[in-house]
Amino acid sequence: MFETIITKMLGIKYPIIGGTMMSITDADFTAAISNAGGMGILASILYQTKDEFAAAIDRIRELTDKPFAVNLNFFPAQFPVSQSEYTEVMIDKGAKVVETSGHGAPPEELCKRFKETEMIWIHKCTGLRHALKAQSLGADIVTVVGYEMGGATGKYDLGTLAVVPTVAKGISVPVVGGGGVVDGRGLVAVLSLGAEGVIIGTRLLVTQECPIHESLKQALINATELDTMIIMKTIATHRVWINNAATRCAEIEASGAGFEEILNIVSGDNAKKVYFEGNLDAGIVPCGQGIGQVHDIPTVKDLFDGIIAQATEVVTGLAKS
Ligand SMILES: Cc1cc2nc3c(=O)[nH]c(=O)nc-3n(C[C@H](O)[C@H](O)[C@H](O)COP(=O)(O)O)c2cc1C
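Below, the structure is looked at part by part. (Residues numbered from 1 in each chain as written. Predicted model: local features only at pLDDT ≥ 70, side-chain atom pairs only at ≥ 80, totals over all residues. Heavy atoms only, no water.)

1. Points about the sheet that holds strand E10 (residues 228–231)
And step 1. Spatially, the 3 strands line up as an open sheet ordered E7-E11-E10, and their pairing is antiparallel. In this open sheet, the two edge strands, each paired with only one partner strand, are strand E7 (151–152) and E10.
And step 2. Across 4 bridges, the pairing between E10 and strand E11 (residues 238–241) is antiparallel. By the bridge assignment, Met 229 is partnered in E11 with Val 240.
And step 3. Sheet strands in contact with helix H11 (residues 244–254) are E10 and E11, and its direction is about 35 degrees off that of E10. (Pairing = 2+ DSSP bridges. Helix = DSSP H or I, 4+ residues; strand = E, 2+ residues; numbered from the N terminus. Contact = heavy atoms within 4.5 Å. Axes fitted to C-alpha atoms, helices over the stretch in contact; angles between N-to-C directions.)

2. Here we look at the pairing of strand E4 (residues 97–102)
Regular strands show a simple pattern: their side chains alternate between the two faces of the sheet.
And step 1. Of all 6 residues in E4, 6 are buried; the element is thus mostly enclosed.
And step 2. Pairing analysis gives 6 bridges linking strand E3 (residues 68–74) to E4, with the strands arranged parallel. Note that in E4 the partner of Val 70 across the bridge is Val 98.
And step 3. The handedness of the E3 to E4 crossover, carried by helix H4 (residues 83–93), is right-handed.
And step 4. With 5 bridges connecting them, E4 and strand E5 (residues 120–125) associate as parallel partners. Paired with Thr 100 across the two strands is His 123, which belongs to E5.
And step 5. With helix H5 (residues 108–116) bridging E4 and the parallel E5, this β-α-β connection has right-handed handedness. (Buried < 20%, exposed > 50% of the residue type's maximum accessible area, 1.4 Å probe, protein only. Right-handed = clockwise from strand over helix to strand, strands pointing away.)

3. Observations regarding the site of the ligand
And step 1. The environment of the ligand is formed by 19 residues, the closest being Thr 20, Ser 101, Lys 124, Gly 180 and Thr 202.
And step 2. Between the ligand and Thr 20 there is a distance of 2.7 Å, counted from an oxygen atom to a backbone nitrogen or oxygen.
And step 3. For the ligand, an oxygen atom lies 3.2 Å from a polar atom in the backbone of Met 22.
And step 4. Protein contact buries 95% of the 600 Å² of open area that the ligand shows by itself.
And step 5. For the shell around the ligand, the secondary structure elements donating two or more residues are strand E9 (197–200) and helix H9 (202–205).
And step 6. When its residues are assigned to classes, the shell around the ligand shows 10 nonpolar, 8 polar and 1 charged. (Near = heavy atom within 4 Å. Polar contact = N/O pair within 3.5 Å; in protein donor to acceptor, adjacent residues only side chain to side chain. Areas by Shrake-Rupley, 256 points an atom, 1.4 Å probe, with all protein chains shown as cover. Nonpolar A, V, L, I, M, F, W, Y, C, P; charged D, E, K, R; others polar.)

4. A closer look at the packing of H11 against helix H12 (residues 259–266)
And step 1. Contact geometry for H11 and H12: axes closest at 9 Å, N-to-C directions at 175 degrees. Taken together, the axes of H11 and H12 are roughly antiparallel relative to one another. Seen from H11, the contacting residues are Ala 245, Arg 248, Cys 249, Ile 252 and Glu 253; seen from H12, they are Glu 261, Ile 262, Ile 265 and Val 266.
And step 2. In terms of residue class, the contact of H11 with H12 is made up of 6 nonpolar, no polar and 3 charged. (Parallel < 35°, antiparallel > 145°, perpendicular 65-115°, else oblique.)

5. Comments concerning the packing of aromatic side chains
And step 1. For the coordinates displayed, the defined rule picks out 3 aromatic pairs.
And step 2. Taken together, a centroid distance of 4.6 Å and an interplanar angle of 10 degrees make the contact between Phe 53 and Tyr 86 stacked. Placement of the pair is Phe 53 in helix H3 (residues 50–63) and Tyr 86 in helix H4, with a sequence separation of 33 residues. For the pair Phe 53 and Tyr 86, one class covers both residues: buried.
And step 3. When the centroid spacing of 5.5 Å and the interplanar angle of 55 degrees are considered together, the rings of Phe 114 and Trp 121 count as tilted. We note that Phe 114, like Trp 121, is buried. (Phe/Tyr/Trp six-rings, centres within 6.5 Å; stacked < 30°, edge-to-face > 60°.)

Now the structure itself:
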């Protein structure tokens, strides 16, 4: 029932893409998502050298024979890497699917390289204008995420219900939609809006295989739909879990703080203290509004199987009513 253009193009069992999560979607977690029937996306920005990046691709291949993707990051980064060099590593390693995300589309030269090497290129964005641009540069798939999402929400502040159908109608390449999807009901909703697949980030934080600290998983389970907030409007708007770091960031932004001061709070090093040491107020944690519906810590496989089972039930129920 849930075979779509996306599952066929990517060769995956379920129309579920695991969203890139900086510091979190490493080789092992990416492979776990792919092994569970979705498509995992390796966050290449995690690796500061080409050799480490190449080794991460090898590691995924040791762990799974299923398709996976690699994200090239075009957001401002504390420790940027060369996207063209990393693309060549992907080509050498035979990695077939590239996802780009960030402020704007990748440089044209890079897009040409994706095309001439026959990679499947997915571009992630938050609105129609960027989707059209990516399509004009040759993107094979466009992912669009609504304002409910965890992470960088973009400039349009458009909810998933508004942005997914707009983009699905406005471009001709297949669309993956997300922002707030945590279960089978969300999957059906997003497919019914014209998408051919969903992207899920926040829900995957609270799974057995996700490498974050147990106390963060427990805190997220206890969070409600009211426990996220928007910060960093002046740099790159982000939806995050409300903790001391997030509220401090909002306070200093309101009093006119500049980039350096904000970075002191939102740096990747601080975030890692939350993720991996369980120091819950040390930094920010991107988190979507869907967290309010997350109440357990399943394996990724159980999560995805459950999403598909619930989606099947929903569709069957709607057909009967
Ligand atoms: C903890 C976390 C980190 C994220 N990091 C990135 C990132 O580095 N790059 C990126 O393109 N998207 C990032 N995202 C966004 C996800 O890839 C995905 O688009 C989003 O989570 C989907 O919405 P949802 O959170 O409502 O499921 C992140 C999301 C979360 C929750």
